[in-house]
Amino acid sequence: TIRDSGDALLTIINDILDFSKIEAGRMEIERHPFDLRECVESALDLIAARAAEKQLDIAYVFDGEVPAAIEGDVTRLRQILLNLLSNAVKFTEAGEVVLTVSAVGDEQTEGGAHLQFAVRDTGIGLTEEGKSRLFQKFSQADSSTTRKYGGTGLGLAISKLLTELMGGTMWVSSAGPGQGSTFHFTIEAKPAELPAGAKREFIGEQPALKGRRILVVDDNATNRRILALQSAKWGLVVKDSADPLQVPAMLAAEPFDLAILDMHMPGLDGAELAHAIRAAGHTLPLVLFSSLGRREVPGGLFAAVLAKPLRQSQLFDTLVGLLAHEAAPQPAAAPPKSKIDSRMAERHPLRILLAEDNVVNQKLALRLLSQMGYRADVASNGIEAVESVARQRYDVVLMDVQMPEMDGLEATRRIIANGQPGAIRPRIVAMTANAMAGDRDECLAAGMDDYVTKPIRVEALVDALMQATARSAA
Amino acid sequence: MSEPVIDEATFRELQETAGAEFVAELVDTFVEEAPGMLAALRQARATGDADAFRRAAHSLKSNSLTFGATALAAAARALELGGISSDAAVDGLQSAYDAAAQRLKELRDAA
């Protein structure tokens, strides 16, 4: 198609420009602190779809003590990773692509602190001759490769030069044709402070997870290793199995708090295994690990889904969401009792619609609102919510996510779809009892503006309402 | 499980925020609505409706947390996450509810 040819041409031009720049000594390498995990995960995200299409497992591992942030050029590092990862996916028909990051040396060692990256695939592999031609410009390992797989043959040459500019080297190893390859490279990597606004750190034992027992079932050894390693670091007790058929016996022999099941396994797939587990009477929460993410989940079996490539933050949120004891909201040591400001509605008037089916929740929300001086209208399900918004102007809709007939997510989508161009729609605030990142992402993806978690805290409700502004008459 | 039937600090905070008289009414509402949720849960189990089962467990959990009924909330949560469950599990939920309702009424009347 025209777009594909255009993209291909653009890639060729960019590659040639990059290469000339490097050769002419005009390529500038930046030195700023950046979040290493973020860089790696974003590179993986870019190849995830293609890998899923080919049913390849993709994953990454931080091996040993790897700094959370380093000083360097995040864009160029991502470029190198992307080059190696997309090649690996391109030249692999079955199996996996795994990126491993490890720290080499430190400021005291000669050569200083470096990071080593390795992209290993189970693809077509390389001959000795192929290896030697690989990094030469405009060449690929085998001339027939170009016809079959495309590409300029420049990407690797550029990547190699970039690693050298970053104080490292690149090399390849392969046991031979058909036996996959591993591309290695090193770069200088002075540890740095995480930049401001960086993501949460999930380092070390987590009190919320300590001692909880989980079972990991996946025929892929790398996935088992990654899940087990990371979970163990957080203080969980992890058992694993490559064989789904062994699982019911394992569950019968010892108690487990949760099980993670890969979807695609020989013999018995993740969903079939889940059925078998339930049939045997086990009630522990089950998590599906799948390349296709939520799309593959059969109803009712799984409490959560983990998508591939696995993101550390997603694993963390899922485990905490399912395993940490849900305490009733505890008042902190001695907080000032928040007296509700009864004049809030006067100072900050809003027309509010409350969409909530549960009677107790409805009454409580209305009570808190009335204590602030607000009188809200009520809808008992998503359909009523959509109709109410169509009938009158509201500034805010407090939208419960779980409702019968039509849930809050669908109602939000309809409200947005029904909106007239130019008209200002109400601010939609999700009320959700689930704190898992995936659920919040779902709310945001449906178009919601904000969320408060249930049980509702007065402070959270006040904050959410203060963010809303009165919509001027359409 | 060593969860208290009602976490009294939570209950008191609810009373302080929304008013003791209002909370007394809210307890009445809960006690009126909960049997219906339990029945819906049993019905869903009988017909094998996993979604309805989960929703009923979720609603019970949500309301229990509001009042600080931690043992009931934990039981409901286990069913919500575990999916359609055995007789014993549902009976366990019923007992947890009975204990919570009993204690809530006592707290309501004592206010």
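Conventions and cut-offs
- Residues numbered from 1 in each chain as written.
- Chains lettered and ligands numbered in written order.
- Predicted model: local features only at pLDDT ≥ 70, side-chain atom pairs only at ≥ 80, totals over all residues.
- Heavy atoms only, no water.
- Helix = DSSP H or I, 4+ residues; strand = E, 2+ residues; numbered from the N terminus.
- Buried < 20%, exposed > 50% of the residue type's maximum accessible area, 1.4 Å probe, protein only.
- Expected span 1.5 Å × (residues − 1).
- Polar contact = N/O pair within 3.5 Å; in protein donor to acceptor, adjacent residues only side chain to side chain.
- Core = buried A, V, L, I, M, F, W, Y, C linked by side-chain atoms within 4.5 Å.
- Contact = heavy atoms within 4.5 Å.
- Buried area = accessible area lost by both parts, 1.4 Å probe.
- Salt bridge = Lys/Arg side-chain N within 4 Å of Asp/Glu carboxyl O.
- Nonpolar A, V, L, I, M, F, W, Y, C, P; charged D, E, K, R; others polar.
- 1 Å grid on protein atoms, 1.4 Å probe; cavity = no way out; pocket = protein on both sides within 12 Å on 5 of 7 lines; lining within 4 Å.
- Points joined across faces, edges and corners; volume = space filled by probe spheres on them.
- Pairing = 2+ DSSP bridges.
- Axes fitted to C-alpha atoms, helices over the stretch in contact; angles between N-to-C directions.
- Parallel < 35°, antiparallel > 145°, perpendicular 65-115°, else oblique.

1. Some details on the overall build of chain A
A count of helical and extended segments in chain A gives 16 helices and 18 strands. Relative to its full complement of 474 residues, chain A shows a buried share of 49%.

2. Description of helix α12 (residues 359–371) of chain A
Since there are 3.6 residues in each turn of an α-helix, residues three or four apart along the chain are aligned in direction. All names here are of chain A. Taking 1.5 Å of rise per residue, the 13 residues of α12 would be expected to cover 18 Å, and the 18 Å separating its terminal C-alpha atoms lies within 8% of that figure. Those residues of α12 that sit buried are Val360, Asn361, Gln362, Leu364, Ala365, Leu368, Leu369 and Gln371. The backbone nitrogen of Val360 has a side-chain oxygen 3.1 Å away, supplied by the residue at the start of α12, namely Asn358. Gly373, located one to two residues past α12, shows a positive phi value of around 100°.

3. Focus on the nonpolar core
Tyr374(A), Leu398(A), Leu465(A), Phe30(B) and Phe67(B) are the most contacted members of the largest nonpolar core, which totals 55 residues. Of all hydrophobic cores here, the second largest spans 42 residues; its members include Leu36(A), Ala48(A), Val97(A) and Phe135(A).

4. What about the interface of chain B and chain A?
Counting residues at the interface gives 34 residues for chain B and 34 residues for chain A. For the chain B and chain A pair, buried surface summed over both sides reaches about 2,800 Å², with 55% attributable to carbon and sulfur atoms. Of all residues in chain B, Leu65(B), Arg77(B) and Leu81(B) bury the most surface against chain A, accounting for 20% of the area lost on that side. Inspection of the chain B/chain A interface yields 1 salt bridge. For the salt bridge of Arg457(A) with Glu13(B), the shortest nitrogen-to-oxygen distance reads 3.3 Å. Between the two partners, chain B and chain A, sit 10 residue pairs in polar contact (both at pLDDT 80 or more). If you list the elements that add at least two residues to the side of chain B that touches chain A, you get α1 (8–18), α2 (20–47), α3 (50–67) and α4 (70–82) of chain B. When the residues that make up the side of chain B that touches chain A are grouped by side-chain class, the tally is 11 nonpolar, 13 polar and 10 charged.

5. Here we look at empty space enclosed by the protein
Residue and element names in this part refer to chain A. Counting across every chain of the model gives 5 cavities of 30 Å³ or more. For the lining of the second largest cavity, the secondary-structure elements that each account for two or more residues are β2 (57–63) and α7 (221–233). Along the lines of polarity and charge, the residues of the lining of the second largest cavity split into 6 nonpolar, 2 polar and 3 charged.

6. Overview of unusual backbone geometry
Residue and element names in this part refer to chain A. Residue Lys308 is joined to Pro309 through a cis peptide bond whose omega torsion reads 0°. Inspection of the secondary structure assignment puts Pro309 in the loop between β13 (304–307) and α10 (312–323). A cis amide bond, omega 0°, links Lys454 with the succeeding residue Pro455. Structurally, the position occupied by Pro455 is in the loop between β18 (450–453) and α16 (458–467). Notably, Gln55 is not glycine yet its phi reads approximately 55°, a positive angle. Turning to its location among the elements, Gln55 is positioned in the loop between α2 (36–53) and β2. Residue Gln55 is classed as exposed on the basis of its relative accessible area, which comes to 59%. At Glu405, a residue that is not glycine, the phi angle is positive and equals roughly 70°.

7. Points about the pairing of strand β3 (residues 69–72) of chain A
Side-chain positions along a regular strand alternate between the two faces of the sheet. All names here are of chain A. Across 4 bridges, the pairing between strand β1 (residues 32–35) and β3 is antiparallel. The residue of β3 that forms the bridge with Phe34 is Ile70. Pairing geometry for β3 and strand β8 (residues 190–191), over 2 bridges, is antiparallel. Bridging from a neighbouring strand, Glu71 pairs with Lys190 of β8.

8. With respect to α3(B)
Residue and element names in this part refer to chain B. In this model, α3 (18 residues) spans 26 Å end to end at C-alpha, consistent with the 26 Å of a helix rising 1.5 Å per residue. A large share of α3 lies buried, amounting to 13 of its 18 residues. Two to three positions downstream of the cap, the backbone nitrogen of Asp51 sits 3.3 Å from a side-chain oxygen, assigning the N-cap of α3 to Asp49. One or two residues past the end of α3 sits Gly68, with phi positive at roughly 85°.

9. Some points on the sheet that holds β8(A)
Residue and element names in this part refer to chain A. Strand order in the open sheet made by the 3 strands is β1-β3-β8, with antiparallel pairing throughout. Two strands lie at the open edges of the sheet, namely β1 and β8, each paired on one side alone. Where α2 meets the sheet, its contacts fall on β1 and β3, and the angle it forms with β1 comes to roughly 60°.

10. A few points about the pattern of salt bridges
Following the criterion strictly, the structure yields 33 salt bridges over all chains and no others. Through salt bridges with shared partners, a single ionic network connects Arg31(A), Glu71(A) and Glu188(A).

11. Topic: the packing of α2(B) against helix α5 (residues 87–110) of chain B
All names here are of chain B. As a packed pair, α2 and α5 sit with axes 10 Å apart at the nearest point and diverge in direction by 175°. Between α2 and α5, the angle falls in the class roughly antiparallel. Where α2 abuts α5, its residues Ala24, Val27, Asp28, Phe30, Val31, Ala34, Pro35, Leu38, Leu41, Arg42 and Arg45 lie against Asp87, Val90, Asp91, Leu93, Gln94, Tyr97, Ala101, Leu104, Lys105 and Arg108. For the contact of α2 with α5, the class distribution of residues is 13 nonpolar, 1 polar and 7 charged.

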